[in-house]
Amino acid sequence: LPPMMSTRLQVGEDVPEKFDIVVSEVMDLWCLGEGILPTMRHAHQKLLAEGGVLIPSRLAVFAQPLELQPWAQVEREQKVNLSPVGKLFSSKFSPIRINQFPHRMLSEEPCPVLEIDLRNIPAAPAEGAPNLENATLCIRMGQKPALYAKASQVPISSSGMLCGYGIWWAADLGYGQVLSSGPRSPQRSWKQLVRWLPEPRFVSEGDSAQMLACYNELSVNVEDIYMSEDMAQQYSQQMQAERQRVEASLPQQQPQQQQQQRQQHQQQQQQCAAAALSSMRAAPHGQAPQFHQQAQSPMGSSASSAP
């Protein structure tokens, strides 16, 4: 092959014909950071013969609730409080080998928060177009809509302190062969990620942990979705005030028509609440997403809301 990037290869000029098999290993710790999406999109569209095979053909990103306190053992043994140090050097994500630290997984199995078919990679959505699975919300990463977003929940099987989520990926190589960067994998090429919570919280067996995951061309982001009782109460009061404002602004109409418009507005607000989102922000490799909803206002005109 010519010494050039595969995305610059042109069939008929640089190579005589398309390929029956395309193999690529451009996954990094974050899965997408080395450009596997643009690489495989180009390969599938321009380089792969009809009926050809992509290796890998699919990717999956997993997340699992985690109790992991890096300073706990030292604090117990030395009888010191290192929490100020932890806060000073805190980060949203940390690349570590999870099994090298005392930890507990708080769910029985990891949750597949994202699945990517490399033969059918989503195109960049239009500005404001819905990209959150099963919802009419647009999740943004930085200044642009994410290619895709998904909300997931996993049942908590062991009570403990939820410190964050262990994150890793798996690649389908075909014929039942899977390459994984997970903590149980014997490979030593990739570490795992820990997505730390700003403040650990206690969770009980039977609870659920909820996550929002999204990706763009080069990065993956996972957010913890959680509303404390105070936040839920505050949001409920805001919804009630907004509902009263909308009702007061409606012209005098037949009761049935007013009820239909009221129900429509309530459904739109419930969608925002169900996505759990308030106003998280993110940047690549941890740019918390922004949320944008296309909706119809009670008067029938197009409106946008960003909770």
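Residues numbered from 1 in each chain as written. Predicted model: local features only at pLDDT ≥ 70, side-chain atom pairs only at ≥ 80, totals over all residues. Heavy atoms only, no water.

### Quick word on the pairing of strand β13 (residues 208-215)
(1) Moving on: Among the 8 residues that make up β13, 6 are buried, leaving the element largely enclosed by the rest of the structure.
(2) Moving on: Of the strand pairs in this sheet, strand β9 (residues 148-155) and β13 are connected by 8 bridges, and their pairing is antiparallel. Its bridge partner being in β13, Pro155 is matched across the sheet by Ser208.
(3) Moving on: Pairing of β13 with strand β14 (residues 220-225), which is carried by 6 bridges, proceeds in the antiparallel orientation. Paired with Ala213 across the bridge in β14 is Val222.
(4) Moving on: Following β13, the chain reverses through 4 residues before pairing antiparallel with β14. (Buried < 20%, exposed > 50% of the residue type's maximum accessible area, 1.4 Å probe, protein only. Helix = DSSP H or I, 4+ residues; strand = E, 2+ residues; numbered from the N terminus. Pairing = 2+ DSSP bridges.)

### With respect to the confidence of the model for the protein chain
(1) Moving on: Confidence in the prediction of the protein chain, expressed as mean pLDDT, is 83, and 80% of residues score 70 or more.
(2) Moving on: Averaged pLDDT values over the elements of the protein chain bottom out at 35 in strand β16 (residues 302-305) and peak at 98 in strand β3 (residues 58-67).
(3) Moving on: Scored below 50 in pLDDT, residues 276-307 shows 95 contacts in the model against residues more than four places distant or in partner chains. (pLDDT = per-residue confidence, 0-100. Contact = heavy atoms within 4.5 Å.)

### Quick look at the side chain of Asp224
(1) Moving on: Positionally, Asp224 belongs in strand β14.
(2) Moving on: Taking relative accessible area as the criterion, Asp224 reaches 14% and is therefore assigned buried.

### Looking at a nonpolar patch on the surface
(1) Moving on: Together, Trp71, Val85, Leu88 and Phe89 line one region of the surface with nonpolar side chains, adding up to about 450 Å² of accessible area.
(2) Moving on: Here Phe89 is to be found in the loop between α3 (83-88) and β4 (93-96). (Patch = residues over 30% accessible without salt bridge, like charges linked within 9 Å, V, L, I, M, F, W, Y side chains within 5 Å. Areas by Shrake-Rupley, 256 points an atom, 1.4 Å probe, with all protein chains shown as cover. Salt bridge = Lys/Arg side-chain N within 4 Å of Asp/Glu carboxyl O.)

### So, unusual backbone geometry
(1) Moving on: Cis geometry marks the peptide bond from Ile55 to Pro56, where omega comes out at -5°.
(2) Moving on: Mapped onto the fold, Pro56 is located in the loop between β2 (48-55) and β3.
(3) Moving on: The phi dihedral of Cys31 is positive, around 85°, even though this residue is not glycine.
(4) Moving on: Along the chain, Cys31 falls in the loop between β1 (19-23) and α1 (36-47).
(5) Moving on: For Tyr175, which is not glycine, the phi torsion reads 55° and is therefore positive.
(6) Moving on: Of note, Tyr175 is situated in the loop between β10 (160-174) and β11 (177-180).

### Section: α1
(1) Moving on: Every buried residue of α1 is accounted for by Ile36, Leu37, Thr39, Met40, Arg41, His42, Ala43 and Leu47.
(2) Moving on: Buried residues in α1 make contact with β1, β2, β3, β6 (111-117) and β13.

### Notes on the nonpolar core
(1) Moving on: Leu32, Leu37, Leu59 and Val113 are the most contacted members of the largest nonpolar core, which totals 43 residues.
(2) Moving on: Looking at this core, the elements that each hand over two or more residues are α1, β2, β3, β6, β10, β12 (192-203), β13 and β14.
(3) Moving on: Leave out the neighbours within four places in its chain, and Leu32 touches Leu37, Leu59, Ile116, Tyr215, Asn216, Glu217, Leu218, Ser219 and Val220.
(4) Moving on: If you look at the next biggest cluster of nonpolar residues, it comprises 9 residues, including Ile139, Met141, Ala146 and Ile225. (Core = buried A, V, L, I, M, F, W, Y, C linked by side-chain atoms within 4.5 Å.)

### Description of the pattern of salt bridges
(1) Moving on: Taken as a whole and judged by the stated rule, the model has 10 salt bridges.
(2) Moving on: Arg58 is the salt-bridge partner of Asp117, the closest N and O atoms lying 3.7 Å from each other. Pair noted here: Asp117 is in strand β6 and Arg58 is in strand β3, with a separation of 59 residues, a long-range link.
(3) Moving on: Salt-bridge contacts for Glu242 lead to Arg245; the nearest nitrogen and oxygen are separated by 2.6 Å.

### A look at the sheet that holds β9
(1) Moving on: Ordered by their spatial adjacency, 3 strands build an open sheet running β9-β13-β14, and the pairing between neighbours is antiparallel. Each of the sheet's edge strands pairs with one partner strand only, and the pair in question is β9 and β14. In this sheet, adjacent strand axes meet at a mean angle of 25° when their direction is disregarded. (Axes fitted to C-alpha atoms, helices over the stretch in contact; angles between N-to-C directions.)

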